[in-house]
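Here is how the chains run, residue by residue.
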Amino acid sequence: EHAVLADVLLELAKQSRRADPATAGTLYLRLARQLTEQLGYANEYPRLVAYLKDASKLLPAAQWQPFLATVRAQHARKTKLMGLLTQAGL
């Protein structure tokens, strides 16, 4: 609901990963959403893919797959991003 720095979210996700995987997964998904709102440079793609990969490991598919479908639809012309997603199994 409130803006939180990405570094803070990432640290919270890392710290809560073992104790509360669902919360950590939600935080990784939130990081991915923040990043896609300003996705402009190819050097950001690996970070986005990493966040999505982490979210996919920690959350049920129904929580992260709709967002992945949106990313694929909105950024379909970014072939490097599509390739990285495919390589990550997403």
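This text follows the structure it describes.
Residues numbered from 1 in each chain as written. Predicted model: local features only at pLDDT ≥ 70, side-chain atom pairs only at ≥ 80, totals over all residues. Heavy atoms only, no water.

*Asks:* An account of the overall build of the protein chain is needed here, citing residue identities and associated values.
*Replies:* Within the protein chain, the regular secondary structure consists of five helices and zero strands. For a compact globule of 90 residues, the expected C-alpha radius of gyration is about 12 Å, and the protein chain comes in at 13 Å, within 12% of that figure. In terms of overall dimensions, the protein chain has a C-alpha envelope of 35 × 25 × 20 Å along the principal axes. Looking at the protein chain as a whole, 38% of its 90 residues are labelled buried. Put simply, 54% of the contacts in the protein chain that link residues at least 6 apart link residues at least 24 apart. On the protein chain, roughly 5700 Å² of surface is accessible, and the fraction owed to carbon and sulfur atoms is 54%. Side chains of the protein chain give 12 positive and 7 negative charges; the mean places of these two sets differ by 10 Å. (Helix = DSSP H or I, 4+ residues; strand = E, 2+ residues; numbered from the N terminus. Rg over C-alpha atoms; globule rule 2.2 N^0.38 Å. Buried < 20%, exposed > 50% of the residue type's maximum accessible area, 1.4 Å probe, protein only. Contact = heavy atoms within 4.5 Å. Areas by Shrake-Rupley, 256 points an atom, 1.4 Å probe, with all protein chains shown as cover. Lys, Arg positive; Asp, Glu negative; His and termini not counted. Charge placed at Lys NZ, Arg CZ, Asp CG, Glu CD.)

*Asks:* Give me the lowdown on the pattern of salt bridges, citing residues and values where you can.
*Replies:* According to the stated counting rule, one finds one salt bridge in the structure shown. Among the ionic pairs, Arg17 bridges to Asp54, the shortest N-O distance being 3.5 Å. Of this pair, Arg17 sits in the loop between α1 (6–16) and α2 (21–37) while Asp54 sits in helix α3 (residues 45–58), and the two are 37 residues apart along the sequence. Relative accessible area serves as the criterion here: at 17%, Asp54 is assigned to the buried category. (Salt bridge = Lys/Arg side-chain N within 4 Å of Asp/Glu carboxyl O.)

*Asks:* Lay out the packing of α1 against α2 with the relevant residues and their values.
*Replies:* One can describe the packing of α1 onto α2 by two numbers: an axis separation of 8 Å at closest approach and a directional angle of 155°. Judged by the inter-axis angle, α1 sits roughly antiparallel to α2. In the crossing of α1 with α2, the sense of the turn from one axis to the other is left-handed. In this structure, α1 uses Ala6, Leu9, Leu10, Leu12, Ala13, Lys14 and Ser16 to contact α2, whose residues at the interface are Pro21, Thr23, Ala24, Leu27, Tyr28, Arg30, Leu31 and Gln34. (Axes fitted to C-alpha atoms, helices over the stretch in contact; angles between N-to-C directions. Parallel < 35°, antiparallel > 145°, perpendicular 65-115°, else oblique. Left-handed = near helix turned anticlockwise from the far one by under 90°.)

*Asks:* Got a sec to walk through helix α4 (residues 61–74)? Specific residues and values, please.
*Replies:* Taking 1.5 Å per residue, 14 residues should reach 20 Å; α4 reaches 20 Å between its end C-alpha atoms and fits that length. Every buried residue belonging to α4 is among Trp64, Phe67, Leu68 and Val71, and all of these are buried. All buried residues of α4 project into a common sector of 105° when viewed along the axis, lining one side. The exposed residues of α4 that point more than 90 degrees off its buried face are Ala62 and Ala73. In the core, the buried residues of α4 are packed alongside α2, α3 and α5 (79–87). (Expected span 1.5 Å × (residues − 1). Arc of directions from axis to C-beta.)

*Asks:* Describe the side chain of His75, with residues and values.
*Replies:* Mapped onto the secondary structure, His75 falls in the loop between α4 and α5. Judged by its relative accessible area of 10%, His75 falls in the buried class. Setting aside chain neighbours within four positions, we find His75 in contact with Thr36, Leu39, Leu81 and Met82.

*Asks:* Describe the environment of Asp7, with residues and values.
*Replies:* Note on placement: Asp7 falls in helix α1. Spatially, the C-alpha atom of Asp7 lies 9.3 Å from that of Leu31, the residues being 24 residues apart in sequence.

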